[in-house]
Structure formats: C-alpha cells, structure tokens
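Next come the chains, spelled out residue by residue.
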Amino acid sequence: MSTLRLGDTAPDFTAQTTEGEINFHEWLGNSWGILFSHPSDYTPVCTTELGTVAKYTEEFTKRNVKVAALSVDGVESHHGWIKDINETQNTTVNFPIIADEDKKVSDLYDMIHPNADSTLTVRSVFIIDPNKKVKLIIVYPASTGRNFDELIRVIDSLQLTAYHKVATPANWKHGEDVVITPAVSNEEIPDLFPKGHKEVKPYLRITPQPNI
C-alpha cells in the first residue's frame, strides 16, 4: 500500500453512510472537504469531536467545506451512536458518518497504524481541495482529541494562499498580516499588494491580508 502524500489526488470510493450511499468525489463536488477517522463508535473522545464538528457547521459552510467522518463500525451502530452524541453534546449531527467495516477506505487513506492499534483507525484528518488534491494531513493518537479551531485556521490559510502569492506565519489567524512569497520580486509588490508592505529582511516581507 502506498502512502498518501500532500498534493496526491484523494482516493475516490463509494461507501454506505448515515446519510445513504455516497461516491466521495461526487459528494464533494466543487467543495473543499474534511475527511476524519475515528477509532470506533461509542468512544468518549470521538463523541466530543463529532459533537464539536456539528456545532461548527456554520463555520464550515461559510468556507464551502463539506465534512465526513469515518469509523470501522456499521451504519446501524453509527445511528445509535449519533443519538448519544446529540444527547450528550447538545447538538445535531448533520454530516455523514461513513461505515468502513471492511476497512476499504481506511486502507486507501492509510488510517490504520499497526504499531498503535492493529484493527482500529487512528485519528487521521485530511483536508481536500475542490480539485480533489490532498492539502493537509494530520494524524493524532487515539488518546488525543482534535482541535477544530486549528482546522478552521488551516482552511483559512489554504484558501488564502491558493489564490494569492502569500504564506501565513506562525499562529496566523484570519485578518492578520501575511508574508509575501519569495517568488514575488520587489518590483511586483505594488501591483500585487496595493495595501503596502514592510520589509523586515529581504526574504521576510509583511503585508496586510489581501482578500479582506
């Protein structure tokens, strides 16, 4: 099995979910996507994660992002678990949870790390752009819940840097200054960045976020 890397095309698949059968690429359409895996149903950390994602629906929608979760249990189990998530997290799960009992999708996305657990998926996260390219991969151990504020932050950065010749510095958040990429010459800056810029070093040039 080959390892999935940044820039690769996200593997397509057809699977049963809590919202019926989906073909992954068709379901994504022209949206950005987050695919994230869970070790299994009825696990405590995952319950809090899925509840959190449901509460972030508005933020994901604003950014044209579709979210799908995955667990190696079946659809019936997923539906029972959703009732628990809605009850305990005071929310409504409104995105598909993929059933991956045969581990077909887990294998495609290299979500099972045998030295951590030979049968259950680790907490993998994949962000996929509208061209179906993998833009981010984060892998958490089963014991550590994900930070969805960080995923929102990364999506903001990916969407900004896809269309502007900038990169985002450490701890950057939407609305803050960005850095101009080294490929941009000083002569090009006035046209590309009319808000102005500050040169800290020849290779470190700061400008206000261009898309706001």
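To be clear, the structure that these remarks concern was listed above.
Parameters and conventions
- Residues numbered from 1 in each chain as written.
- Predicted model: local features only at pLDDT ≥ 70, side-chain atom pairs only at ≥ 80, totals over all residues.
- Heavy atoms only, no water.
- Salt bridge = Lys/Arg side-chain N within 4 Å of Asp/Glu carboxyl O.
- Helix = DSSP H or I, 4+ residues; strand = E, 2+ residues; numbered from the N terminus.
- Buried < 20%, exposed > 50% of the residue type's maximum accessible area, 1.4 Å probe, protein only.
- Core = buried A, V, L, I, M, F, W, Y, C linked by side-chain atoms within 4.5 Å.
- Pairing = 2+ DSSP bridges.
- Expected span 1.5 Å × (residues − 1).
- Polar contact = N/O pair within 3.5 Å; in protein donor to acceptor, adjacent residues only side chain to side chain.
- Phe/Tyr/Trp six-rings, centres within 6.5 Å; stacked < 30°, edge-to-face > 60°.

S.K.: Sorry, what's going on with the pattern of salt bridges here?
M.R.: Two side chains with opposite charge may pair up if their charged atoms get near one another. In total, this model carries 6 salt bridges according to the counting rule given. Between Arg123 and Glu49 there is a salt bridge whose closest N-O contact spans 3.0 Å. Placement of Arg123 in strand β6 (residues 123-128) and of Glu49 in helix α2 (residues 44-55) is noted, with a sequence separation of 74 residues between them. Of the two residues, Arg123 and Glu49, both sit in the buried class.

S.K.: How should I be thinking about the nonpolar core in this particular structure?
M.R.: A general tendency of soluble globular proteins is for nonpolar side chains to be buried together. Among the nonpolar cores identified, the biggest contains 28 residues, and Ile34, Phe36, Leu50, Phe60, Phe95 and Ile127 are the most heavily contacted of them. For this core, the secondary structure elements donating two or more residues are β3 (32-38), α2, β4 (65-71), α4 (75-89), β6, β7 (134-140) and α6 (148-163). Listed in part, the 18 residues of the second largest apolar core include Ala15, Ala68, Ile98 and Met111.

S.K.: What am I meant to see in the sheet that holds strand β10 (residues 198-201) here?
M.R.: Backbone-to-backbone hydrogen bonds join strands into a sheet, with any given pair of strands oriented parallel or antiparallel. In spatial order, the strands read β8-β9-β11-β10; together these 4 strands make up an open sheet with antiparallel pairing. In this open sheet, the two edge strands, each paired with only one partner strand, are β8 (166-167) and β10. Pairing of strand β9 (residues 178-180) with strand β11 (residues 204-207) involves 2 bridges; the strand directions are antiparallel. Within the sheet, the bridge partner assigned to Val179 lies in β11 and is Ile206.

S.K.: Even after reading the chapter, I still don't get α6, so can you show me in this structure?
M.R.: Side chains that are three or four residues apart share a direction in an α-helix, a result of its 3.6 residues per turn. Taking 1.5 Å of rise per residue, the 16 residues of α6 would be expected to cover 22 Å, and the 23 Å separating its terminal C-alpha atoms lies within 8% of that figure. Within the span of α6, buried status applies to Phe148, Leu151, Ile152, Val154, Ile155, Asp156, Ser157, Leu158, Gln159 and Leu160. Of the residues that open α6, the one with a side-chain oxygen 3.0 Å from the backbone nitrogen of Asp149 is Asn147.

S.K.: Hey, could you run me through the packing of aromatic side chains in this one?
M.R.: Pairs of aromatic rings are described using the distance from one ring centre to the other and the angle between the two planes. One pass over the structure, following the stated rule, counts 7 aromatic pairs. Plain terms: the ring middles of Phe13 and Phe24 are 4.8 Å apart, the flat faces sit at 10° to each other, and that makes the pair stacked. Within this pair, whereas Phe13 is found in the segment before β1 (14-17), its partner Phe24 is found in helix α1 (residues 24-28), the two being separated by 11 residues in sequence. By relative accessible area, Phe13 is classed as buried at 4%. According to the relative accessible area criterion, Phe24 is buried, its value standing at 0%. Measuring from ring centre to ring centre gives 6.2 Å for Phe24 and Trp27, while their planes differ by 20°; the resulting arrangement is stacked. Here Trp27 and Phe24 lie together in helix α1, a separation of 3 residues that amounts to about one turn. Taken together, the ring pairs connect Phe13, Phe24, Trp27, Tyr109 and Phe126 into an aromatic cluster.

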